[in-house]
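# Coordinate analysis (summary)
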Amino acid sequence: MTYLAKPKLHHPSLAQNKVCYTRRDYEGRVSTLCAGCGHDSISAAIIQACWEMDVEPHRVAKMSGIGCSSKTPDYFLGNSHGFNTVHGRMPSVLTGANLANRSLLYLGVSGDGDSASIGIGQFAHVMRRGVNMVYILENNGVYGLTKGQFSATADQGSKSKKGAINTESPIDTISLALQMGATFVARGFSGDKKQLVPIIKAAIAHKGAAFIDVISPCVTFNNHAGSTKSYDYVREHNEAVNRVDFIPTRQEIVVDYAEGQVIEVEQHDGTVLLLRKLHRDYDPHDKVGAMNYITKHQAEGEVVTGLLYVDNDAGDLHEHLNTIDAPLNTLGAKQLSPGMAALEKINQRLR
Amino acid sequence: MRPTDTRDPDYFHKVVDCQWACPAHTPVPEYIRLVSAGRYDAAYMVNWWSNVFPGVLGRTCDRPCEPACRRSRVEEGNGEKPQPVAICRLKRVAADHKGEVAAQMPKPRPRNGKRVACVGGGPASMTVARDLALAGYQVTVFESDPKPGGFMRSQVPRFRLPESVIDEECGFITELGVEFRGGTRIGSLKDLLAQGWDAVFVGSGAPRARDLDLPGRKEAAAHIHLGIDWLASVSFGHVEKIGRRVIVLGGGNTAMDCCRSARRLGGEEVKVIVRSGFDEMKASPWEKEDAMHEGIPILNYHVPKTFEHEQGRLVAMTFELVRAEFDGNGRRTLVPTGAPDVRVECDDVLVAVGQENAFPWIERDIGLEFDRWGLPVLGAASLQSTLPRVFFGGDAAFGPKNIIWAVAHGHEAAVSIDKFLQGEDVNERPPPMVTLVSQKMGIHEWSYDNEITREQRQVVPWVAKELALSSIKVEVELGFDAQAACKEAARCLNCDAQTVFLKDACIECDACVDICPMDCITFTTNADEAELRKRLSAPALNLSQDLYVSDHVKTGRVMVKDEDVCLHCGLCAERCPTGAWDMQKFLLQTTKAGPGCRSKTTLGAAA
């Protein structure tokens, strides 16, 4: 961390987006994490993505649990709504908020402890229910706040900073998310913003449960030889299956791609994802294929990154429950409490 | 691009824009930090070593450092009006607030038996005298006026520069054992050389004013004065008043001094009238502002045509109105507008349309060559003339410039004279003395204040206008008090705290890229400079500012830092987990005359 606030002075050429904000307007307070933490890079990627997407800061709710990663919402989108929940309970609080007001962009930020240990149940169910959100899991494989014990996502056989070998089997959050029914599943690396920023943008545009697992090295406790979540290890073993180009509307596609090199994904809101294939046979629409591919390559020690699965026709919880379009806080007392007659009608239907 | 060679002293020197722009390369951030720490004596001495006349320059310098100051670039596009740090006025603070510095003055080396004569007692000569006296030479300064100072004393008006400041700073030099012979005009270089001086330095300035040969010039001569001569007469008390209506011709700083002086000697309606456009005038913007502040209008695009006179008395001047036209090459011509001539009534005219060099006292048959403009033929760096033991500097060398250039020439000429008299090649220039030291004191602690203030440039207080105009001797500017000086000093970005990148330590975590408030840092694949400049986090459009490029980091990319708008806030170094970034203080001092400027081989042979 630093004691100084980041100076407000900015580059003379700093541009405004369509909603008249500069990138700097999406920043939060100065980070108190260790210098070099991968999480700070992810915060910077979120800032960049929100600026490029012309997101209005007051239309965002950022939610988190407990942990290093869950501190980060303080360091981006300083003018957005935020909620620091109980450890591992971000998904249920976010689900509630989402049901009450569907008009906000929901950003859930969590860590491997928060999501794969104490909050694994919550994580599984929020994916299952298809809550319309961006779930970013900042995954460093250790408990940084308690001096670097292995977390549930640490690979079996990897070495701790003090030399201990992890004997337990890891939880692969990507496979879990796929299994639980997430409709947008991606993995990124904090050290590669060129890949990560478009993935976050695509996730923001996705309607449904979008899950991004971001490998984020812990420079203090998990960036040594023998770690499988270090900068060096991830760079060496990174197997990106594709590169995402996020295009706001179909009309704006100007780049020519060679036949068979690119997959076009048109999402619900008309946005288009162009996936430049890096692995010829990888099909991000094939859920079973994706699961097999990931399992196989991970067994070989590779870190598979990119947009791994996307469902073009995904729906969300509101659709499943057939809820009203308007946020609940905009409804009047009469609509919220329609009276005995309405209750009687409902009861009649259930008899 | 090839990796930047930071061992070349010029690289980091250029990053310190003010120091690079200063002809004498004064370590500006160094003394500004001392001012903010209240260490005025030390700040004064830093200046004294570099520019010899801190008190004089703190009031009168042309300030090439201020247009170069990074502060105005970083404030660009950030709301308020971009303004450089008031470097010049902070120098004055050091001079005004210092205590007794005599004890800190260096002791001259033992006399080496060599004698050097300096012609003229202005800033160039006095600088040569100081540097050589310290190096052990016996120096004699010849000056036609009774006291040393030259231009500083004779032409800079007292309301800008009190005489006591000149006395004190020239006194520091004569105290070193320099012999000053006032009231002695050198009439012949041949005779002077015949007196057996080991070397002669000519710092006689550009003493001849240009005149305007227009109809009526001769008839009305009694009321037409040449600017610099008139200023000198005012300075020495020979002239004490001027007519009620005064026209000042010319657009340079001398014209500004003339009009403001006239305003104080009874000129109630003083006008500056200039051929060129207002913006192309040679005067510094602040000098124009000061003149206008005193109620002096500046009329531009007026070409003087005639002096009107009645019975031998000047009554008016006529002017032709012109406009500027630019050809394809941007060359300007002044074209008459066709409007009727303008007649401006006046009682006196001051002509300040330029100065020329004049060397009537240098014989043309002694082997000293002059070029076709009447200037001596000199080695560009050595300032040595074609007569090997004669050196030039200041306005006498390359025509009229200013005090700080004169000082810079003085240092270089002193080095040349020292090398020449030690039997060395004067064209072999000594490299500067450079140190580069880490400023890290703790995890978040630097030995400089890295917090960036949003404070605006402080305004220098003035005496009340009525009081200022009442006498030529009342100094107009009052200088900053300690509080204002502290606020102004805090605006300095400490550009000498260099961002030094050690690529082997870098783990490419992007922490520096993310924290940099000015988007200066980028990791990218290498390319040629034009391509790289486009590819950075923020485009590097200022071609006068270098890119700092590292060798390949682990992923094969390179680190590129655009020096242009770096705040030197040190956040890159604070956020770096491995110490790949470090803030290191770069201190460059030009090498002065003495053993330090001599080549190592000669030194070895002497030992």
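About the thresholds
Residues numbered from 1 in each chain as written. Chains lettered and ligands numbered in written order. Predicted model: local features only at pLDDT ≥ 70, side-chain atom pairs only at ≥ 80, totals over all residues. Heavy atoms only, no water. Helix = DSSP H or I, 4+ residues; strand = E, 2+ residues; numbered from the N terminus. Rg over C-alpha atoms; globule rule 2.2 N^0.38 Å. Buried < 20%, exposed > 50% of the residue type's maximum accessible area, 1.4 Å probe, protein only. Pairing = 2+ DSSP bridges. Contact = heavy atoms within 4.5 Å. Buried area = accessible area lost by both parts, 1.4 Å probe. Salt bridge = Lys/Arg side-chain N within 4 Å of Asp/Glu carboxyl O. Polar contact = N/O pair within 3.5 Å; in protein donor to acceptor, adjacent residues only side chain to side chain. Nonpolar A, V, L, I, M, F, W, Y, C, P; charged D, E, K, R; others polar. Domains from an automatic or database assignment. Axes fitted to C-alpha atoms, helices over the stretch in contact; angles between N-to-C directions. Parallel < 35°, antiparallel > 145°, perpendicular 65-115°, else oblique. Left-handed = near helix turned anticlockwise from the far one by under 90°. Core = buried A, V, L, I, M, F, W, Y, C linked by side-chain atoms within 4.5 Å. Patch = residues over 30% accessible without salt bridge, like charges linked within 9 Å, V, L, I, M, F, W, Y side chains within 5 Å. Areas by Shrake-Rupley, 256 points an atom, 1.4 Å probe, with all protein chains shown as cover. Expected span 1.5 Å × (residues − 1). Phe/Tyr/Trp six-rings, centres within 6.5 Å; stacked < 30°, edge-to-face > 60°.

### Thoughts on the overall build of chain A
Per the secondary structure count, chain A includes twelve helices and 13 strands. The C-alpha radius of gyration computed for chain A amounts to 21 Å, which stays within 12% of the reference 20 Å derived for 351 residues, consistent with globular compactness. Projected onto its principal axes, the C-alpha positions of chain A cover 70 × 50 × 45 Å. Here chain A holds 351 residues, and the buried ones make up 53% of them.

### Some words on the pairing of strand E3 (residues 105-111) of chain A
Consecutive residues of a regular strand have side chains that alternate between opposite faces of the sheet. Residue and element names in this part refer to chain A. In terms of burial, E3 is a largely internal element, seven of the seven residues being buried. Of the two faces of E3, the one holding Leu105, Leu107, Val109 and Gly111 and the one holding Tyr106, Gly108 and Ser110 are both buried throughout. Relative to E3, strand E1 (residues 60-64) is paired through five bridges, and the arrangement is parallel. Its bridge partner being in E3, Met63 is matched across the sheet by Gly108. As judged from the five bridges shared by E3 and strand E4 (residues 133-139), these two strands associate in the parallel manner. Counted as the bridge partner of Leu107 is Val134 from E4.

### With respect to the interface of chain A and chain B
Each side of the interface is counted separately: chain A has 30 residues, and chain B has 34 residues. Between chain A and chain B, roughly 2800 Å² of surface is buried when both sides are summed, and carbon and sulfur atoms account for 56% of that area. When the buried area of chain A at its contact with chain B is split by residue, Leu4, Leu9 and His11 of chain A rank highest and sum to 26% of it. Here chain A is connected to chain B by five salt bridges. Our enumeration of links across chain A and chain B arrives at 16 residue pairs in polar contact (both at pLDDT 80 or more). Contributing elements (two or more residues each) for the side of chain A that touches chain B: helix H1 (38-52) and helix H8 (231-237) of chain A. Split by residue class, the side of chain A that touches chain B holds 14 nonpolar, eight polar and eight charged.

### Focus on helix H13 (residues 227-235) of chain B
Residue and element names in this part refer to chain B. For H13, the tally of buried residues reaches seven of nine residues, placing the bulk of the element in the interior. Listing the buried residues of H13 in full gives Gly227, Ile228, Trp230, Leu231, Ala232, Val234 and Ser235. Downstream of H13 by one or two residues, Gly237 has phi in the positive range, about 80°.

### A closer look at the domain arrangement of chain B
Residues and elements named next belong to chain B. Looking at the assigned domains, one finds that chain B contains domain 1 (9-102 + 433-589), domain 2 (105-206 + 358-421) and domain 3 (209-356). In this structure, domain 1 and domain 3 have C-alpha centres spaced 39 Å apart. Contact with domain 1, which involves eleven residues of that partner, is made by 13 residues of domain 3. For domain 1, the biggest contributors to the area lost against domain 3 are Trp462, Leu469 and Ile472; these three give 52% of the whole. Taken together, domain 1 and domain 3 are joined by zero salt bridges. Our count for the contact surface shared by domain 1 and domain 3 stands at three residue pairs in polar contact (both at pLDDT 80 or more). Of the residues that constitute the side of domain 1 that touches domain 3, the class distribution is six nonpolar, one polar and four charged.

### Re the packing of helix H9 (residues 123-134) of chain B against helix H17 (residues 403-421) of chain B
Residue and element names in this part refer to chain B. The N-to-C vectors of H9 and H17 enclose an angle of 40°; their axes lie 7 Å apart at closest approach. By the angle between their directions, the pair H9 and H17 is classed as oblique. Remark: the crossing between H9 and H17 carries right-handed chirality. In contact with Pro123, Ala124, Thr127, Val128, Arg130, Asp131 and Leu132 of H9, H17 contributes Ile403, Ala406, Val407, Gly410, His411, Ala413, Ala414, Ile417 and Asp418. Looking at side-chain class alone, the contact of H9 with H17 contains ten nonpolar, three polar and three charged residues.

### Re the sheet that holds strand E8 (residues 209-215) of chain A
Residue and element names in this part refer to chain A. Spatially, eight strands are ordered E2-E1-E3-E4-E8-E7-E13-E9 in an open sheet, and the strand pairing comes out mixed. At either end of the open sheet lies a strand with only one pairing partner, and these are strand E2 (81-84) and strand E9 (238-240). Geometrically, the sheet is characterised by an average inter-axis angle of 20° between neighbouring strands, direction not taken into account. Across six bridges, the pairing between strand E7 (residues 184-189) and E8 is parallel. Opposite Val185, over in E8, you have Phe211 as the bridge partner. Strand contacts of helix H7 (residues 193-205): E3, E4, E7, E8, E9 and strand E13 (303-310), with the helix running at about 160° to E7, the strand carrying the most contacts.

### Thoughts on the nonpolar core
Residue and element names in this part refer to chain B. Phe53, Val200 and Phe392 are the most contacted members of the largest nonpolar core, which has 73 residues in total. Of the residues forming this core, the biggest block, nine residues, is contributed by H17. Counting residues domain by domain, this core receives three or more from each of domain 1 (9-102 + 433-589) and domain 2 (105-206 + 358-421). Listed in part, the 63 residues of the second largest apolar core include Val35, Cys492, Cys520 and Leu588.

### Some thoughts on a nonpolar patch on the surface
Residues and elements named next belong to chain A. A contiguous nonpolar patch, built from Ile324, Leu328 and Leu336 and spanning about 260 Å² of accessible area, is present on the exposed surface. Assignment of secondary structure puts Leu328 in the loop between helix H10 (317-321) and helix H11 (333-336). Residue classification places Leu328 among the partly exposed positions, given a relative accessible area of 36%.

### Here's the deal with H7 of chain A
In an α-helix, one turn spans 3.6 residues; hence positions three or four apart end up facing the same way. Residues and elements named next belong to chain A. Here H7 spans 18 Å end to end across 13 residues, near enough to the 18 Å set by a 1.5 Å rise per residue. In terms of burial, H7 is largely enclosed, as twelve of its 13 residues are buried. Along H7, the positions that sit buried rather than exposed are Lys193, Gln195, Leu196, Val197, Pro198, Ile199, Ile200, Lys201, Ala202, Ala203, Ile204 and Ala205.

### With respect to the packing of aromatic side chains
All names here are of chain B. What the rule picks out here adds up to 18 aromatic pairs over all chains. Between Phe359 and Phe370, the aromatic rings sit 5.6 Å apart at their centres with planes inclined by 45°, giving tilted as the arrangement. Separated by eleven residues along the polypeptide, Phe359 in the loop between strand E15 (355-356) and strand E16 (390-392) and Phe370 in the loop between E15 and E16 bring together distant segments of the chain. Of the two residues, Phe359 and Phe370, neither departs from the other in class, the shared state being buried.

### A short note on the pattern of salt bridges
Here the structure, examined in full by the defined rule, presents 63 salt bridges over all chains. It is possible to trace a salt-bridge network through shared partners that takes in Asp17, Arg70, Arg73 and Asp564 of chain B.

### A closer look at the pairing of strand E12 (residues 332-336) of chain B
All names here are of chain B. Relative to E12, strand E11 (residues 313-326) runs antiparallel, the two being bridged by five bridges. Across the sheet, Val322 pairs through a bridge with Pro336, a residue of E12. Taking the residues between adjacent antiparallel strands as the criterion, E11 and E12 are bridged by five residues, where Gly330 takes a positive phi near 80°.

### Let's talk about the sheet that holds strand E21 (residues 521-524) of chain B
Residues and elements named next belong to chain B. Across the sheet, three strands lie side by side as E21-E23-E22; this open sheet has antiparallel pairing. Either end of the sheet is taken by a strand with one partner, and the two such strands are E21 and strand E22 (547-552). Averaged over all pairs of adjacent strands, the angle between strand axes in this sheet comes to 20°, irrespective of strand direction. As paired elements, E21 and strand E23 (residues 558-562) share four bridges and run antiparallel to each other. What sits directly across from Thr524, in E23, is Val558.

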